[in-house]
Amino acid sequence: MKNAYKLLEANDKRTICKMKKASCEFICLDKEFGAKQILDVIAFVNGVHHKYKRVNMPIYFHFSRVEIIDKLSYVIMECICYMLIKDYHHAVSISWAPKNNILTQGVFSSPLAILNTDIARAPKKYLDKFEYEIFRYHYRKVITEDKKETNYLGKLQQDIYNFLSTFYIEEDCKDDIVEMIGEIVGNAGEHAKSQCLLDIDVTTDHSKSVESVVQNGNYYGINIVILNFSDILFGDGVKNRIENDDLNSDQRYIFLKQAYTFHSEHFSEQYTYEDFCNIASIQHKISGATHKGKAGGRGLTTLIKSLQEKSDSDNCYLLSGKRIVYFQKELLQYDDAEWLGFNKEKDFLSNIPDSIVAQECIVNFPGTAYNLNFILKREDGISNESYST
């Protein structure tokens, strides 16, 4: 995928590795797979490429039975494997036994499953499945900016609607999902000038257990990742305006400048300049904001909140660079002037976000990635599996 190599450059730590029997092996016995394990994988790959610059040896990844933290974690692993095969011409194998979870069940239809088979035949199948697949519970597409056709977004949204229509999902939920994805994908190419990866999985239907008591109703996990690799981070548009003193063009920007003056007095290790730029970039009618509401649209956060309110549970966040913005349902509240507070006070201009909103990630992600999980009650049908709360 275009610019995926930037993930290695942005995380330049490397570990010492040795080639044995003409291959290199990464072994991890951790019980979970998330940011720490991704960072370890990147350090291993950097170590291999530093020591064996001109050798395209097979690379083997070995994991134990793992709990995958979220969908984005294994999709980033997919990107690393894609890069190793496509750009560095390694044969790659991965052996692991992920636990079944409603938020990460898509790993079982992931291209990674191909790399657990015959290593000699896997590369082409892996690349093909990584770039495009619509099959049963899985929708995957790499969207290339310079190959976009007229009305590509409308066609993409129709494809997604058709995919979701095979499931017992309420009509307004489907509409929200399609519009939300259109908002993100439509702006990703314009903002980052890079390819955009879209991955959707819909789980098999589940029942819900609370303290071992099965509840009425059946549920789907709707799990979505959208990402791009780029030197341009999510908040860079607002950051450039601040640094070029370009916040005086109209009343909206004058208020943003006042907000920056207040917020900057509260910057710390927990709440940073980058966090302010990210949150400002989501605000309504702020240029440099890649996800502001368009004419006729409802805006990204409005769509996310709408889905959250229909969900039994959710896990939604944005990652750009080393900073995360969590979309907490109860904090997605606008004031009368349509500023999104990200705090209980519903006040962006003179209150900083609640501490749960802005977090650090140990992996430096070059570009922007969304992890969007929704557990939605299905309209009809019989449950096959269960999940617990």
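Residues numbered from 1 in each chain as written. Predicted model: local features only at pLDDT ≥ 70, side-chain atom pairs only at ≥ 80, totals over all residues. Heavy atoms only, no water.

Caption draft 1: Representation of the environment of Gln283 within the structure. Mapped onto the secondary structure, Gln283 falls in the loop between α9 (273–281) and α10 (300–310). Between the C-alpha atom of Gln283 and that of Leu256, which follows or precedes it by 27 residues, the distance is 9.5 Å. A polar side-chain atom of Gln283 sits 2.7 Å from the main-chain amide nitrogen of Leu340. (Helix = DSSP H or I, 4+ residues; strand = E, 2+ residues; numbered from the N terminus. Polar contact = N/O pair within 3.5 Å; in protein donor to acceptor, adjacent residues only side chain to side chain.)

Caption draft 2: Region of the structure containing the environment of Ala35. Considering the arrangement of structural elements, one finds Ala35 in helix α2 (residues 35–51). Remark: the alpha-carbon pair of Ala35 and Ser73, spanning 38 residues in sequence, is separated by 6.7 Å. The residues contacting Ala35, other than those within four sequence positions of it, are Cys361, Ile362 and Val363. (Contact = heavy atoms within 4.5 Å.)

Caption draft 3: Structural view of helix α3 (residues 71–86). Here α3 is 16 residues long and its end C-alpha atoms lie 22 Å apart, about the 22 Å a rise of 1.5 Å per residue gives. Burial runs high along α3: 15 of the 16 residues are buried. (Expected span 1.5 Å × (residues − 1). Buried < 20%, exposed > 50% of the residue type's maximum accessible area, 1.4 Å probe, protein only.)

Caption draft 4: Main features of the nonpolar core. Residues Met180, Ile181 and Ile224 are the most contacted members of the largest nonpolar core, which totals 60 residues. If we ignore the near neighbours within four places in the chain, the residues touching Ile181 are Ile160, Gly186, Leu198, Ile200, Ile224 and Ile226. In terms of nonpolar packing, the next biggest core, distinct from the first, is built from 57 residues, Cys17, Val45, Met57 and Ile85 among them. (Core = buried A, V, L, I, M, F, W, Y, C linked by side-chain atoms within 4.5 Å.)

Caption draft 5: Representation of the pairing of strand β1 (residues 24–28) in the model. Side-chain alternation along β1 places Cys24, Phe26 and Cys28 on a buried face and Glu25 and Ile27 on a face that remains uncovered. Relative to strand β3 (residues 59–68), β1 runs parallel, the two being bridged by five bridges. Directly across from Phe26, in β3, lies its bridge partner Phe61. (Pairing = 2+ DSSP bridges.)

Caption draft 6: How the structure looks around the packing of aromatic side chains. Applying the stated rule across the entire model yields 23 aromatic pairs. Between the aromatic rings of Tyr82 and Phe130, the centroid separation amounts to 4.2 Å while the plane-to-plane angle is 25°, which identifies the pairing as stacked. Remark: Phe130 occurs in helix α4 (residues 122–131) and Tyr82 occurs in helix α3; sequence separation between them is 48 residues. Pairing Trp339 with Phe348 gives two aromatic rings, centres 5.5 Å apart and planes at 20°, and the pair type is stacked. The exposure class of Phe348 is buried, given its relative accessible area of 1%. Chaining the aromatic ring pairs together yields one cluster made of Tyr260, Phe267, Tyr271, Tyr273, Phe276, Trp339 and Phe348. For Arg140, the ring lying beneath its charged end belongs to Phe130, and the centroid distance is 4.8 Å. Between Arg241 and the ring centre of Tyr253, over which it is positioned, the NZ or CZ distance is 4.6 Å. (Phe/Tyr/Trp six-rings, centres within 6.5 Å; stacked < 30°, edge-to-face > 60°. Lys NZ or Arg CZ within 6 Å of the ring centre and 35° of its normal.)

Caption draft 7: Spotlight on α2. Taking 1.5 Å of rise per residue, the 17 residues of α2 would be expected to cover 24 Å, and the 24 Å separating its terminal C-alpha atoms lies within 8% of that figure. For α2, the complete set of buried residues consists of Gln37, Ile38, Val41, Ile42, Ala43, Phe44, Val45, Asn46, Gly47, Val48 and His49. Its buried side turned inward, α2 meets α1 (6–10), β1, β2 (32–33), β3, α3 and β11 (358–377).

Caption draft 8: Quick look at the environment of Leu227. If you trace the backbone, Leu227 turns up in strand β9 (residues 213–229). Distance in space between the C-alpha atoms of Leu227 and Cys196 is 5.7 Å, their sequence separation being 31 residues. Here Leu227 is in contact with Met1, Leu72, Val75, Cys79, Gln195, Cys196, Leu197, Phe365, Thr368 and Ala369, once residues within four sequence places are set aside.

Caption draft 9: Representation of the packing of α2 against α3 within the structure. At a minimum axis distance of 10 Å, the contact between α2 and α3 shows a crossing angle of 10°. As summarised for this structure, α2 and α3 are arranged roughly parallel, according to the angle between their axes. Read as a crossing pair, α2 and α3 show a hand that is left-handed. Of the residues in α3, those touching α2 at Ile38, Val41, Ile42, Val45 and His49 are Ser73, Ile76, Met77, Ile80 and Leu84. Its residues assigned to classes, the contact of α2 with α3 shows eight nonpolar, two polar and no charged. (Axes fitted to C-alpha atoms, helices over the stretch in contact; angles between N-to-C directions. Parallel < 35°, antiparallel > 145°, perpendicular 65-115°, else oblique. Left-handed = near helix turned anticlockwise from the far one by under 90°. Nonpolar A, V, L, I, M, F, W, Y, C, P; charged D, E, K, R; others polar.)

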